[in-house]
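Spelled out, the chains give:
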Amino acid sequence: KRLHITLTKLDTVKYTDIDYVVFTDASRFVSEGLSPYERATYRYTPILSYLLLPNIYLFNSFGKLLFCVVDILTAYLIYKLLIKIYSEKRALLWTCITVLLNPITINVSTRGNADQLVVLLVLLCVNALFNDQIWTSTFWLALSVHFKIYPIIYAPAIYLYLTDYARRKDASLLSLFPNVKLWKFAIMGLGVLAPLTAVFYALYGYEFLFETYLYHLTRSDPRHNFSVYFYQLYLQTGAQTRIVALLAFIPQFAVVFVAAWNIMLPRGSATLSVKERMSRLMNCMMIQTFLFVAFNKVCTVQYFVWYISLLGFVFERIYPHVETRKFIITTIVSSAAWFVGQALWFYPAYGLEFLGEQTFYQIWQAGILFFLINISIAVVILRSIH
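Residues numbered from 1 in each chain as written. Predicted model: local features only at pLDDT ≥ 70, side-chain atom pairs only at ≥ 80, totals over all residues. Heavy atoms only, no water.

A. Structural view of unusual backbone geometry. The phi torsion at T41 lies on the positive side, around 70°, for a residue other than glycine. Considering the arrangement of structural elements, one finds T41 in the loop between α2 (18-31) and α3 (46-51). We classify T41 as partly exposed; its relative accessible area is 40%. At D132, a position not held by glycine, the phi torsion is positive, near 60°. With respect to the helices, strands and loops of the structure, D132 is situated in the loop between α8 (115-130) and α9 (134-147). A residue is classified by how much of its surface remains accessible, and D132, at 47% relative accessible area, is partly exposed. (Helix = DSSP H or I, 4+ residues; strand = E, 2+ residues; numbered from the N terminus. Buried < 20%, exposed > 50% of the residue type's maximum accessible area, 1.4 Å probe, protein only.)

B. Broad picture of the packing of aromatic side chains. In the structure shown here, the tally under the stated rule is 40 aromatic pairs. With a centroid separation of 5.7 Å and an interplanar angle of 90°, the aromatic rings of F226 and F346 are classed as edge-to-face. Here F346 lies in helix α19 (residues 324-355) and F226 lies in the loop between α12 (206-212) and α13 (230-235), a separation of 120 residues in the sequence. Residue F346 is classed as partly exposed on the basis of its relative accessible area of 40%. Over the aromatic face of Y215 sits the side chain of R43, whose NZ or CZ is 3.9 Å from the ring centroid. In this arrangement the basic side chain of R277 is found over the ring face of Y161, its NZ or CZ atom lying 4.6 Å from the centre. (Phe/Tyr/Trp six-rings, centres within 6.5 Å; stacked < 30°, edge-to-face > 60°. Lys NZ or Arg CZ within 6 Å of the ring centre and 35° of its normal.)

C. Broad picture of the packing of helix α18 (residues 311-318) against helix α20 (residues 360-385). Running from N to C, α18 and α20 cross one another at 50°; their axes reach a closest spacing of 9 Å. In terms of orientation, α18 and α20 fall into the oblique class. Judged by the twist between their axes, the crossing of α18 over α20 is left-handed. Facing α18, whose interface residues are V314, R317 and I318, α20 presents I381, S384 and I385. Classifying every residue of the contact of α18 with α20 gives four nonpolar, one polar and one charged. (Axes fitted to C-alpha atoms, helices over the stretch in contact; angles between N-to-C directions. Parallel < 35°, antiparallel > 145°, perpendicular 65-115°, else oblique. Left-handed = near helix turned anticlockwise from the far one by under 90°. Contact = heavy atoms within 4.5 Å. Nonpolar A, V, L, I, M, F, W, Y, C, P; charged D, E, K, R; others polar.)

D. The arrangement of the pattern of salt bridges in detail. On inspection of all chains with the given rule, the structure shows nine salt bridges. One salt bridge in this structure joins R43 and E211, with 3.0 Å as the shortest N-O distance. Linking R43 in the loop between α2 and α3 with E211 in helix α12, this pair joins segments that are 168 residues apart in sequence. By relative accessible area, R43 is classed as partly exposed at 22%. (Salt bridge = Lys/Arg side-chain N within 4 Å of Asp/Glu carboxyl O.)

E. Region of interest: the confidence of the model for the protein. Mean pLDDT over the protein works out to 88, with 91% of the residues at or above the 70 mark. Summarising per-element confidence for the protein, the mean pLDDT is lowest in helix α1 (residues 2-8) (46) and highest in α8 (96). Every residue in residues 1-5 is under pLDDT 50, and counting partners more than four places away or in other chains gives seven contacts. (pLDDT = per-residue confidence, 0-100.)

F. Expanded view of the side chain of R317. Within the secondary structure, R317 is located in helix α18. R317 gets classed as buried once you look at its relative accessible area, which sits at 14%. Within polar-contact distance, the side chain of R317 engages the side chain of E276 at 2.9 Å. Only 2.8 Å separates the side chain of R317 from the backbone oxygen of I385, close enough to count as a polar contact. Excluding residues within four positions of it along the chain, R317 makes contact with Y86, E276, S279, R280, N283 and I385. (Polar contact = N/O pair within 3.5 Å; in protein donor to acceptor, adjacent residues only side chain to side chain.)

Written out as structure tokens, the structure is:
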């Protein structure tokens, strides 16, 4: 029966992401001289609605084409960074697996989702940082935070990367205090975020501030959600929901800080080479993102793009140091578990969304299983990169 209903309703499942419809509607309001926040559920920077104005003036799929170009630019940056940190030997292979030929990143971008754009900004930040261009690096990171708040999680890892602690054999804990580069980073970051916020606040008022930033602090999503908090947030109402949403940040940011401390600092009296520090930063950013998404109070497929694009750096760090057969088996088993976890979630989610079945509890159970799978994979990665 379920298969029959699925086949007869295929034409009702739209390929275009609902977010893309929201982006386009917001751009339409901007083209009419109105606020992009006239569009309900537009909770992004106004810059995105400006970028997609060609959707209105040229053709509706312009944004999808733009996001596909962003995919290509992201892949190019990943390829160049892999060569810079490691070698050219497997750089193209990892780039193809994680971005260029990855069905998840292709699907997310061609459906009209803008999340890969934030990944590109983060990679531009890292690329500039590795070229010792502190001002430029901070500009890109601040811009990425303006687009989507989550890149702020990289601040602890970048902070530790820029300290003197890992560079000198005689370094003490005092070398963890801010140096000139860190002060530059902080000043430039404030110098980018503050004017952007001030300008858009002047244009759109408190609505901009709430929809772009404050809303995400207490956001909850009763559907399309892999989060372990899903069912509790669904059952709670009003102030209770906001309290749970805020408390969810505690374990989330705890694992982000622990990951940075565990990966970025050398063990014992070892001094890390420049390339080793670069390698650690990229691996740290990947595991931070992976854990951040797993612990997030809202967790959807588009968030997976944030860390999938960084997986190549983990692969290249691990591959030369383990037996090829073991690497392949571990990767296949981990990937299979990850996809099976999603499949078990999608089954009751489909029943809820398309068949009207009350499967909230089953969705939550599947979300817990998927969370445990993610944590298991994170443990495997952490052990391997050390």
